[in-house]
Amino acid sequence: MSVTVKFVGALRRVADKSMMKISCSPNFSVKDLIQKILLDIPEIKKDIINQQTDGTIKNTVLILVNDREISVLNGLDTILTNEDEIVFIPVAHGG
């Protein structure tokens, strides 16, 4: 089984790629995927993981699975299936 991961905006620059294919096993969750990405691209950790708190995903990053934000699915526990597309989008806040 494999999934496609896409990085948008500043995350694309940090990852030094806009897309990657990742092989994964059945019952592979978004959380598992993030751990695998961090092994492959350790420099992206500071941009998606809260370092000061409990290691959760920063609220400045949206994660979409097949065009649906994971908060409307099962969050980090969302199970991925073959050929899913996961997109990491940095969110800029300001006024």
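Scroll up to find the structure this text is about.
Fair warning: this is a prediction, and the values are worked out from it, not measured in the lab.

Student: Describe the side chain of Ser2, naming the residues involved and giving the relevant values.
Tutor: Position of Ser2 among the secondary structure elements: in strand β1 (residues 2–7). When residues no more than four places from it in sequence are discounted, the contact partners of Ser2 are Lys21, Ile22, Ser23, Cys24, Thr81, Asn82, Glu83 and Asp84.

Student: Talk me through the side chain of Thr78; I want residue IDs and the actual numbers.
Tutor: Along the polypeptide, Thr78 turns up in the loop between β4 (68–69) and β5 (85–90). Engagement of the side chain of Thr78 in a polar contact is seen with the backbone oxygen of Gly75, the distance being 2.7 Å. Not counting chain neighbours up to four residues away, the residues in contact with Thr78 comprise Phe28, Ser29, Val30, Ile70 and Leu73.

Student: Give a detailed account of the pattern of salt bridges, specifying residues and quantitative values.
Tutor: Considering all chains together, one arrives at three salt bridges under this definition. Residues Glu85 and Lys6 are paired through a salt bridge, measuring 3.0 Å at the closest nitrogen-oxygen approach. Taken together, the residues span a long stretch of sequence, with Glu85 in strand β5 and Lys6 in strand β1 at a distance of 79 residues. Its salt-bridge partner being Asp47, residue Lys46 comes within 3.0 Å of it at the nearest N-O pair.

Student: Describe the nonpolar core, naming the residues involved and giving the relevant values.
Tutor: Counting 27 residues, the largest nonpolar core has Phe7, Ile44 and Phe88 as the members making the most contacts within it. For this core, the elements supplying multiple residues, two or more each, are β1, α1 (10–15), β2 (19–23), α2 (30–40), β3 (61–65) and β5. Here this core takes five residues from α2, the largest share from any one element. For Phe7, the residues in contact, after removing those within four places along its chain, are Arg12, Ala15, Lys17, Ser18, Met20, Ile37, Ile41, Ile44 and Phe88.

Student: An account of the sheet that holds β2 is needed here, citing residue identities and associated values.
Tutor: Strands sit in the order β2-β1-β5-β3-β4 across an open sheet of five strands; the sheet is mixed. The open sheet has two edge strands, β2 and β4, and neither has a second partner. Strand direction decides the pairing type here: β3 and β4, joined by two bridges, are antiparallel. Looking at β4, one finds that Leu64 is bridged to Glu69. Against the sheet, α2 touches β1, β2, β3 and β5, its axis set at about 115 degrees to β2.

Criteria and thresholds
Residues numbered from 1 in each chain as written. Predicted model: local features only at pLDDT ≥ 70, side-chain atom pairs only at ≥ 80, totals over all residues. Heavy atoms only, no water. Helix = DSSP H or I, 4+ residues; strand = E, 2+ residues; numbered from the N terminus. Contact = heavy atoms within 4.5 Å. Polar contact = N/O pair within 3.5 Å; in protein donor to acceptor, adjacent residues only side chain to side chain. Salt bridge = Lys/Arg side-chain N within 4 Å of Asp/Glu carboxyl O. Core = buried A, V, L, I, M, F, W, Y, C linked by side-chain atoms within 4.5 Å. Buried < 20%, exposed > 50% of the residue type's maximum accessible area, 1.4 Å probe, protein only. Pairing = 2+ DSSP bridges. Axes fitted to C-alpha atoms, helices over the stretch in contact; angles between N-to-C directions.

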